[in-house]
Amino acid sequence: MNPAFSGRVVAISISDRKGVKKQNVDQAELLVDHGLEHDAHAGPWHRQVSLLGIESIRKIREKGLDVAAGDFAENITTEGVRLYELPVGARFRIGEGALLEVTQIGKECHHRCAIFQQVGDCVMPREGIFVRVLAGGTIRPCDRILPA
């Protein structure tokens, strides 16, 4: 990972069930080895938190679709970091204390999920990433994203 990279959090989104668009929140708590508190995808597994760049969302907007942060079921929408270029095992910090480790780049979309049905495309399988939480903390939009 480029030690000079830095980005920021655009939005934080959660949902109480899987496979749906997530709702944006003003702040959220990242819990160690769990993920975002109150999110359906959280738990003791390798895909505790999902991230997608606003740059990826803009690509879909350019196709004429009305999409926003959280519409691809991502937990954290970022800006300024090419997430899909980070290697598995890369670590980065968000805000004051949260430490995350990349566990998966993209995902296989077995069937056209609810997200695909709702927006006509799903960029998460190509450009989203998944992380596990190594150190928790409260995160908010505009928090900095820095290499660990």
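In this report, the structure presented in the accompanying data block is examined.

Cut-off values and rules
Residue numbers here run from 1 along each chain, matching the order of that chain's written sequence. For a predicted model such as this one, the threshold for reporting local features is a pLDDT of at least 70, and the threshold for listing and counting side-chain atom pairs is 80 or more; totals across whole chains, interfaces and linings nevertheless cover every residue. Excluded from the side-chain calculations are hydrogens and water; all other atoms, namely the structure's heavy atoms, are used. Pairing of aromatic rings covers Phe, Tyr and Trp, the last counted by its six-membered ring, and requires centre-to-centre distances within 6.5 Å; plane angles under 30 degrees mean stacked, over 60 mean edge-to-face, and any other angle means tilted. Look at NZ for Lys and CZ for Arg. If either is within 6 Å of the ring centre and within 35 degrees of the ring normal, a charge sits over the ring. A patch is a set of surface residues, each over 30% in relative accessible area and not in a salt bridge, joined within 9 Å for like charges and within 5 Å for the nonpolar side chains Val, Leu, Ile, Met, Phe, Trp and Tyr. The Shrake-Rupley method, run with a 1.4 Å probe sphere, supplies the accessible areas, and residue values consider only the shown protein chains as cover. A pair is scored as a salt bridge if a Lys or Arg side-chain nitrogen falls within 4 Å of a carboxyl oxygen belonging to Asp or Glu. Runs of H or I in DSSP of at least four residues are treated as helices and runs of E of at least two as strands, each being numbered from the N terminus. To sort residues, take the accessible area from a 1.4 Å probe on protein chains only and compare it with the maximum for the residue type: under 20% means buried, over 50% means exposed, and anything in between is partly exposed. Nonpolar core, defined: a set of buried Ala, Val, Leu, Ile, Met, Phe, Trp, Tyr and Cys residues in which side-chain atoms within 4.5 Å join the residues together. Whether two residues touch is decided by their heavy atoms; if any such pair falls within 4.5 Å, the residues are in contact.

## A few points about the packing of aromatic side chains
For any two aromatic rings, the description comes down to two numbers: the centre-to-centre distance and the angle of the planes. In the structure shown here, the tally under the stated rule is zero aromatic pairs. We note Arg 47 situated over the ring of Phe 130; from NZ or CZ to the ring centre the distance is 4.5 Å.

## With respect to a nonpolar patch on the surface
Side chains of Tyr 84, Val 88 and Ile 105 sit close together on the surface and give an oily, nonpolar patch of about 250 Å² of accessible area. For Ile 105, the location among the structural elements is in strand β8 (residues 98-105). Ile 105 gets classed as partly exposed once you look at its relative accessible area, which sits at 32%.

## Regarding the nonpolar core
Core analysis: the biggest nonpolar cluster contains 24 residues, and Phe 92 and Ile 94 have the highest contact counts within it. Secondary structure elements with two or more residues in this core: β1 (7-14), β3 (28-31), β5 (49-53), β7 (91-94), β8 and β9 (129-135). Leaving out residues up to four positions away in the same chain, Ile 94 has contacts with Val 9, Ile 76, Leu 100, Ile 139, Asp 143, Arg 144 and Ile 145. Of all hydrophobic cores here, the second largest spans ten residues; its members include Leu 52, Val 123, Met 124 and Phe 130.

None of the figures reported here should be taken as evidence of function without further support.
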